[in-house]
Amino acid sequence: MIGRLRGELVEVHGATATIDCGGVGYEVQLPESVLLQLPPVGQNVDIRIRQVFREDGTYLYGFVDLFQRKLFDLLTEVKGCGPKIGLSLLGQLGEHAVVGAILASDTKSLTRATGVGPRLAERINLEL
């Protein structure tokens, strides 16, 4: 299981960054908030990774720190909240806003993220 990548940032396209680690380029999906924190292409990066295996492939999701990765893990355990929605919540609201909304049972705040409707926001609040 891949838990961290440290290497040269080769390219960024949309929400995907390619990181060269020892001659191998890994494509990593990142939340918007992490994309904004990346150094310029050609610089070194250190990203925490969650590797997800699915029928159609293996995917890498990247985070700045362990707190973001753990929150992503918790969100994706909720039925109906997959990796794309987890990235959307973290990227558009930020991890502290997501935690605050869950603690306050504020479903309306969670629905501001793309892909999160009222039912899913309520389920996230109930399960977490």
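Presented here is an overview of the structure given in this document.

**Details of the packing of helix α2 (residues 66-77) against helix α3 (residues 83-93)**
Moving on, step 1. Where α2 meets α3, the closest approach of the two axes is 9 Å, and the angle between their N-to-C directions is 130 degrees. Between α2 and α3, the angle falls in the class oblique. The way α2 lies across α3 gives a crossing that is right-handed. Along its contact with α2, which presents Gln68, Leu71, Phe72, Leu75 and Thr76, the element α3 presents Pro83, Gly86, Leu87, Leu89 and Leu90.
Moving on, step 2. Taken together, the residues of the contact of α2 with α3 sort by class into 7 nonpolar, 3 polar and no charged.

**A few points about the environment of Val34**
Moving on, step 1. Mapped onto the fold, Val34 is located in helix α1 (residues 32-35).
Moving on, step 2. Here the alpha-carbon distance between Val34 and Ala121, two residues 87 residues apart in the chain, equals 23 Å.
Moving on, step 3. Residues in contact with Val34, not counting those within four places in the same chain, are Ile47, Gly62, Phe63, Val64 and Gln68.

**Some points on the nonpolar core**
Most often, soluble globular proteins have nonpolar side chains that are buried together.
Moving on, step 1. In this structure, Leu75, Cys81, Leu89, Val98, Leu110, Val116 and Ile124 are the most contacted members of the largest nonpolar core, which totals 22 residues.
Moving on, step 2. Mapped by element, the contributors of at least two residues to this core are β5 (57-63), α2, α3, α4 (95-103) and α6 (118-127).

**Observations regarding the side chain of Ser88**
Moving on, step 1. Looking at the element boundaries, Ser88 is found in helix α3.
Moving on, step 2. Ignoring any residue separated from it by four or fewer positions in sequence, one finds Ser88 in contact with Leu93, Ala113 and Thr114.

**What about the packing of α2 against α4?**
Moving on, step 1. Following both chains from N to C, one finds α2 and α4 inclined at 45 degrees, their axes separated by 10 Å at the closest point. As far as their axial angle goes, α4 and α2 are oblique. The element α2 and its partner α4 pack so that their crossing is left-handed. In this structure, α2 uses Phe67, Gln68, Leu71 and Leu75 to contact α4, whose residues at the interface are Glu95, His96, Val98, Val99 and Ile102.
Moving on, step 2. For the contact of α2 with α4, the residue count by class is 6 nonpolar, 2 polar and 1 charged.

Definitions and cut-offs
Residues numbered from 1 in each chain as written. Predicted model: local features only at pLDDT ≥ 70, side-chain atom pairs only at ≥ 80, totals over all residues. Heavy atoms only, no water. Axes fitted to C-alpha atoms, helices over the stretch in contact; angles between N-to-C directions. Helix = DSSP H or I, 4+ residues; strand = E, 2+ residues; numbered from the N terminus. Parallel < 35°, antiparallel > 145°, perpendicular 65-115°, else oblique. Left-handed = near helix turned anticlockwise from the far one by under 90°. Contact = heavy atoms within 4.5 Å. Nonpolar A, V, L, I, M, F, W, Y, C, P; charged D, E, K, R; others polar. Core = buried A, V, L, I, M, F, W, Y, C linked by side-chain atoms within 4.5 Å. Buried < 20%, exposed > 50% of the residue type's maximum accessible area, 1.4 Å probe, protein only.

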